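# Overview (structure and organization)
Listed below are the residues making up each chain.
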Amino acid sequence: MSSAVIADPDTYVTGVPYDLLARLRRETPVTRIGDFWAVLRHSDVRHVLRTPAVFSSQLGGTQIRDPASAEDLRYVRRMMLNMDPPEHGRLRGLLTKAFTPRAVGRITERIEGWAHDLVAAVADRGECDFAKDIAADLPLLTLAEVFGVPEQDRRLMFDWSNRVIGFQDAEYAVSATVKADDVTDLARAALVVRPEPGPDGRMPDPRSRAGMPDLYAYAHALGEHKREHPGDDVMSNLMQHVDDDGGRVSIEEFENLFWLFSVAGNETLRNGLPGGMAALLAHPEQYRKLLDDRSLLPGAVEEMLRWHTPVMHFRRTATQDTRLSDVDIKAGDKVVVWFSSANRDETVFPDPDVFDVTRAPSEHLTFGHGPHFCLGSHLARMQMRALFAAVFDQLGEVRLAGEPRRLRSNFQNGLKSLPIRWD
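Small disclaimer: the values here were computed from a predicted structure and weren't measured. (Residues numbered from 1 in each chain as written. Predicted model: local features only at pLDDT ≥ 70, side-chain atom pairs only at ≥ 80, totals over all residues. Heavy atoms only, no water.)

Glancing now at the overall build of the protein chain. Each helix and strand counted, the protein chain has 16 helices and twelve strands in total. At 21 Å, the protein chain has a C-alpha radius of gyration in line with the 22 Å of a compact globule built from 423 residues. For the protein chain, with 423 residues in total, the buried portion stands at 57%. Of the contacts formed within the protein chain by residues at least 6 apart in sequence, a portion of 71% connects residues at least 24 apart. For the protein chain, the accessible area works out to roughly 17100 Å², and carbon and sulfur atoms hold 52% of it. (Helix = DSSP H or I, 4+ residues; strand = E, 2+ residues; numbered from the N terminus. Rg over C-alpha atoms; globule rule 2.2 N^0.38 Å. Buried < 20%, exposed > 50% of the residue type's maximum accessible area, 1.4 Å probe, protein only. Contact = heavy atoms within 4.5 Å. Areas by Shrake-Rupley, 256 points an atom, 1.4 Å probe, with all protein chains shown as cover.)

Next up, the structure:
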């Protein structure tokens, strides 16, 4: 099998090519695929992520595909995800301060209630689509709380993340599930500028500002409202904070943070939850261990995140000539760290292809490493623990009720549908 299949989104419709990744990891841990270097070994991935002076997020952005124009590159560079120190540190510091103990405490209390209610809503049915009926809504409810977004508007984030993350998938690329009658005036104004597919059936590039006008219209109005009428939510806190130099988060910075949280903050967990369930369904003996001993759940969540890694890769760009695992890398080269390979590295994880909820704690890289380590990792773990506890309490042991459907994407390890049933 050619190494090129790793970059082909069609590959992932049937699953992640773990056997190929394992062979390449052993034979050529830094391997050339198309126009980029794929970094496959855990230690090398860590090194790239913690060395932004050599491997930059800002030079070319963090996606394999180059921005289409110089203006698009300037746009992506304004996002925290695509910043290098010191600019990254300033914005991340302000955001960290916005997650006050009071704000986080209120979110924590609500997550368990939402998880319980989502499962209770389907408990009497005996079957459901776990990905659509249960897993999709919990991250949306949590993000709505973080931003102070009215609950009825939260499905906007579902469509936005579908369009951005699912741009390689024909179904998700044109996602438009929200109806104007179901949302607030703020959302209705944004829906007016929602793009439509062109004559070829394709949407404008969602990784450009022009491709997501509805998201930016909503974010702009929401940011101005938070500045003038702050609430108790995290983003209201952010808009009031002043940094050490007397600066505040601009409306444009708020817009880009809203994009990042609405898309990245939603999609990672939305795929991590059904991915964890898929792991349990494939290993019923591990499922029963958790039913018998709930103290194993925190460790099991870590194993779910390792075994079904939601975000499969991120890009960096070399700022200078360098060397990685005996491979010469030139300044300007694309360097892509492959988390779905690093999390199966046999030098770090014994029997890496075995799903084991009692596995000893180890450093999976699902939330990244270094200065860009995921700010929302604590909330993501909390949501996974709460939702699986609710499933165990209310549904007991569930079984697969139909064929899962996977997302066509080489970026997100996504499950669009996961039918389950229970007695």
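On we go from here.
When two helices pack together, you describe them by how their axes are tilted relative to each other and by the distance separating the axes. At their nearest, the axes of helix H7 (residues 137-147) and helix H8 (residues 155-165) sit 9 Å apart, and the two run at 115° to each other. It follows from the interaxial angle that H7 and H8 lie roughly perpendicular. H7 and H8 meet at a crossing whose hand is right-handed. Contacts from Asp-137, Leu-140, Leu-143 and Ala-144 in H7 reach Arg-155, Met-157 and Phe-158 in H8. For the contact of H7 with H8, a count of residues per class yields five nonpolar, no polar and two charged. (Axes fitted to C-alpha atoms, helices over the stretch in contact; angles between N-to-C directions. Parallel < 35°, antiparallel > 145°, perpendicular 65-115°, else oblique. Left-handed = near helix turned anticlockwise from the far one by under 90°. Nonpolar A, V, L, I, M, F, W, Y, C, P; charged D, E, K, R; others polar.)

A full pass over the atoms with the stated rule returns 34 salt bridges. Note that Asp-35 and Lys-334 form a salt bridge whose closest N and O atoms lie 2.7 Å from each other. Placement of Asp-35 in the loop between strand E1 (30-33) and strand E2 (36-39) and of Lys-334 in strand E8 (residues 334-338) is noted, with a sequence separation of 299 residues between them. According to the relative accessible area criterion, Lys-334 is buried, its value standing at 7%. Taken together, the shared-partner salt bridges connect Asp-35, Asp-66, Arg-315 and Lys-334 into one network. (Salt bridge = Lys/Arg side-chain N within 4 Å of Asp/Glu carboxyl O.)

Judged by nonpolar contacts, the single largest core of 118 residues is most densely connected at Phe-130 and Trp-259. Among the elements that make up this core, the one with the highest residue count is helix H12 (residues 251-282) (14 residues). One finds Ile-6, Ile-33, Ala-38 and Leu-40 within the second-largest nonpolar core, a separate group that totals 15 residues. (Core = buried A, V, L, I, M, F, W, Y, C linked by side-chain atoms within 4.5 Å.)

Attention now moves to the environment of Pro-197. Take Pro-197: it is sitting in the loop between helix H9 (185-191) and helix H10 (213-228). Placed 17 residues apart in sequence, Pro-197 and Asp-214 show a C-alpha to C-alpha distance of 14 Å. Setting aside residues no more than four positions away along its own chain, Pro-197 makes contact with Val-174, Arg-202 and Met-203.

The strand order across the open sheet formed by five strands is E1-E2-E8-E5-E3, and the pairing between neighbours is mixed. For this open sheet the edge positions go to E1 and strand E3 (55-56), each flanked by a neighbour on one side alone. Across two bridges, the pairing between E3 and strand E5 (residues 313-318) is antiparallel. Considered in E5, the bridge of Phe-55 is made with Ala-318. (Pairing = 2+ DSSP bridges.)

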